[in-house]
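The residues making up each chain are set out below.
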Amino acid sequence: MHHKNIIRRKELAATISLLLATSTAVYAQDEVEEAEDQTNETEQTEEAADLGTVYVTGIRAGLQTSVDIKRSESSIVEAVSAEDIGKLPDLSIADSLARLPGVTAQRLNGRTQVISVRGLGPDFTTALLNGRQQVSTSDNRGVEFDAYPSELISAAVVYKTPDAGLMGQGLAGTVDLRTIRPLEYGERALVANARYEWNDIDALNDDADDDGWRGSVSYVDQFADDTFGIAVGFAYLDSPTQSERYNAWGYPTGPEDALVIGGAKPFAQSNNLERTGIMGVFEWQPTANFNTVVDLYYTDFDETQLLRGIELPFWWSEAQLQPGYTIEDGLVTNGVFDNVTGVIRNDLNRREAELYAAGWNIDWQLSDNWKVKADLSYSEVDRTDTLLESYAGFGNNFSGPTDTIGFNLAPGRGAIFNTSLDYTSPDIVLTSPRGWGGDIVPGGQLGYNNMPTITDELTWIDLRGEYVFNDGFFSSLEFGVNYSTREKEKVADEFFLALANGALEAPLPQPTGITNLSFLGIPGMITYDPLQAINSGIFDLTRNPNADVIIKSWQVEEDVTIPFLMANFDTLWGNTVVSGNVGIQYVDTDQSSFAISASGTGQDVQGVPTSGGASYEEWLPSANVTFQFANDNFIRLAYGRTLARPRMDDLRAGLQWSYNPDFADSEDINQSPWGGGGGNPELRPWIADAFDISWEKYFLDGLSYVAVAAFYKDLDSWVINVPQVFDFTGFPIGDGPEPVLREGLVSIPTNGEGGEISGFELAGAISMAAFTDSWWGGFGAIGSASFTDSSVEDSPGNEITIPGLSEDVYNLTLYFETERFSIRASGRKRSDFLGEVAGFGNGRDFRTVQGETVVDAQASYFFGGRAQGLSLLAQVLNLTDEEFVTFGNDDERQVIDYQRYGRTFLVGLSYTFN
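Below is a summary of the structure that appears in this document. (Residues numbered from 1 in each chain as written. Predicted model: local features only at pLDDT ≥ 70, side-chain atom pairs only at ≥ 80, totals over all residues. Heavy atoms only, no water.)

1. A look at the pairing of strand 19 (residues 403–410)
Burial within strand 19 is extensive, with 6 of its 8 residues counted as buried. The pairing of strand 16 (residues 331–340) with strand 19 spans 5 bridges and is classified as antiparallel. Looking across to strand 19, one finds that Asn-334 is bridged to Asn-408. Sheet topology places strand 19 next to strand 20 (residues 414–418); 5 bridges connect them, and they run antiparallel. Across the sheet, residue Gly-406 finds its bridge partner in strand 20, namely Asn-418. Hairpin connection from strand 19 to strand 20: 3 residues lie between these consecutive antiparallel strands, with Gly-412 at a positive phi of about 75 degrees. (Buried < 20%, exposed > 50% of the residue type's maximum accessible area, 1.4 Å probe, protein only. Helix = DSSP H or I, 4+ residues; strand = E, 2+ residues; numbered from the N terminus. Pairing = 2+ DSSP bridges.)

This is the structure in structure tokens:
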């Protein structure tokens, strides 16, 4: 399909690669034209040179702003800034953040979605929008940054150390996304961008798109003698991606005590993300002493995934491993299974989410000494998922022919198969090949429809005042109170699929197609549209009544009140400027949860409404001290006691419990008839005392700096699942005898004590413009290296791996830029880490993710003369085609997930009108 388009895109991809590789020659060719266009700019350039400054645009303009933010903040921060309105350095705000020192990212579905700061996963970092805490489209607190179009963000600041005035601070850090301030921008601008994109993996499914586009428009202006300003932005994305996916059930102990593949669930996956973002900022400053800003933000997020594959049970089934297999270092690396009954899967996942955020800020200078601020905000997420599975095969409940399948474990990518059955056969029908779900649906389910919904609401009120001292050591005193109330609710709604009138088989829905699975060694499989099938009414839906579904629904509420006091100082000790702050927050938290605890399956399910909660207080002192020496040398010292609130699903009140009447007479808690597991609404947060030191040297060009930092976090409290005594008073026992004990052990999240995280960071940027005014001055580099270690143990003394922690993280960007041309290549590398992925039933699962190196590149040409303001852009993402791989048992041969995304190419135009 689309053969002409495919050929055209491949030719264009080759052209882009050639353009990126030969940029220096292109620049040289453009020098004559550039010289003609610069006639009117000579005086401005000479004036800038006389002032000892460097005139910068594009990449260097964004870098200069980022360096200014880092230099001027009282805390230790990292920053990224837009090169122009609507133009951050990367397509994703998460990609831009992941290039900062001490920050890295995890890819999901081929794009960067969540970040880790200083080795701590997404749940340990708080995200703000214009200084206000935000809700999340995820199941928990970790913000999914792909919900925020980069075209609408002007800057992002990562606070590695807190101060008492920073609300919503996280244990690892705090990310503040900032939109443009129109009066600060100070001029009119209209910017439009459009880009066409495609992937070098052609559409893996016939009914999927293989190309897309993105566009944005931003407008900034000022009115009424520059007392009123507006900034509005619109960004649209229609982005298809492909994923060659392999997934293993696991590796149980098999023949000769060697590990062997238990089963596999590979897919050809085609994704399509449609996202619409709208931003509005309205700023009024009638006098120099009064300023008020209204921020509005909206994102509509709609992603559809088509997954076609064959689920293949092996050792964990009736299949038999035949003699002649090969064992290497305790793992069966190749062999043949016969008597395999596979399940042909035509699946569809869809996520629809809407994010709303609104804020109103007032900043009023009452007198020379007094200032007051008020900030009100509200954010909300409404999310609905559809996780649809549809099954087909050669016959119902093992009645069809079985397959003989050879397998070979390819290093670093999982198994390649060799099948004997034809999975494109017209004999294939809708059915339940293995009889799964036969206890609910006679003959077995023909699929499954999981439709969870998430709502998340957060209201935020911040009131504060500041008094400025006329003399003395302290320059000002800030004080205030912040109040937030948040409610997050998840509702699970899951259904078995069956045929009407109790039928066990039915013809496949029409039309059908063929999906190529040759990347797995399988020639192909027959496919159809599962959503069309379920909408046609061919299936009856039977609600899943089992306890493990009931406990997935929960509601968590939090009310947090934070009074704070912070003293700022800015003084001179000899020739050294000493500045910073010291302060304290008092965090008063009231949390509660409601859920249904449940036990049993089918008609035997029993449920008990369960609620709980806790109130607690924490004092969070902090201090930041900066010593500014001669020649722009800075030494920063910081201390802060920080916290990260528990995951929302860990706070749920529900349990899945069991009661065994055989132990009704037991008086031993270890032999209690009661047991189970679930959440803990009394859970306290992660808490750490953090110590930081950094040395920073800034150079006169405003673009170059070098920084060395070290940090140490002493974990006072952390969270782990361990057995705890639970009171089952009031829980039903059915027809069994009354137990002696009403208490039992349950596995729930519990607070532990002790542990540490430490790290060392190197960062810097250099611009050759600081050394030469020749064309060599267009070269520059930005880089960092971070090294992190942790030591956290559970009660028995077993070491815990902290989610998101890579011991080694590296970032490097090389660029070359002139007035007309720029080229950049960026790479980020991280070592193995524990990542969160979707597991069985779309539940969370932590797996070891193989370290990866992701490289992107882009080139731009800026026109002059009559076309001034117009620019061309070419980009390649994932230039080295880096795969996403997880593995088990700390053995990289035991691949659990292998996902290849391919390279993404983009070409586009941008126009700026001032």
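2. Quick notes on the packing of aromatic side chains
Taken as a whole and judged by the stated rule, the model has 41 aromatic pairs. Relative to Phe-731, the ring of Trp-657 lies with its centre 4.9 Å away and its plane at 85 degrees, an arrangement referred to as edge-to-face. Taken together, the residues span a long stretch of sequence, with Trp-657 in strand 33 (residues 655–659) and Phe-731 in the loop between strand 36 (705–727) and strand 37 (743–752) at a distance of 74 residues. Judged on exposure class, the residue Trp-657 and its partner Phe-731 are both buried. (Phe/Tyr/Trp six-rings, centres within 6.5 Å; stacked < 30°, edge-to-face > 60°.)

3. Let's talk about the pattern of salt bridges
As enumerated under the stated definition, the model contains 49 salt bridges in all. A salt bridge links Arg-111 to Asp-146; its shortest N-O distance comes to 2.7 Å. Residue Arg-111 is found in strand 3 (residues 111–117), and its partner Asp-146 is found in the loop between strand 5 (132–133) and strand 6 (155–159); the two are separated by 35 residues along the sequence. The exposure class assigned to Asp-146 is buried, which follows from its relative accessible area of 5%. Note that Arg-636 and Glu-696 form a salt bridge whose closest N and O atoms lie 3.0 Å from each other. Of this pair, Arg-636 sits in strand 32 (residues 633–644) while Glu-696 sits in strand 35 (residues 686–698), and the two are 60 residues apart along the sequence. (Salt bridge = Lys/Arg side-chain N within 4 Å of Asp/Glu carboxyl O.)

4. Some details on the pairing of strand 25 (residues 494–499)
Judged by how many residues are buried, strand 25 sits mostly within the fold: 6 of 6 residues are covered. Where burial is concerned, the two faces of strand 25 agree: the one with Glu-494, Phe-496 and Ala-498 and the one with Phe-495, Leu-497 and Leu-499 are both buried. For strand 25 and strand 28 (residues 539–543), the ladder comprises 5 bridges, and the chain directions are antiparallel. Paired with Ala-498 across the bridge in strand 28 is Asp-540.

5. Let's talk about the side chain of Asn-633
As for its placement among the helices and strands, Asn-633 is situated in strand 32. When its relative accessible area of 17% is taken as the criterion, Asn-633 is described as buried. Looking at Asn-633, its side chain comes within polar contact range of the side chain of Trp-695, at 3.2 Å. Filtering out sequence-adjacent residues up to four positions away, Asn-633 remains in contact with Phe-627, Gln-628, Trp-695, Glu-696 and Lys-697. (Polar contact = N/O pair within 3.5 Å; in protein donor to acceptor, adjacent residues only side chain to side chain. Contact = heavy atoms within 4.5 Å.)

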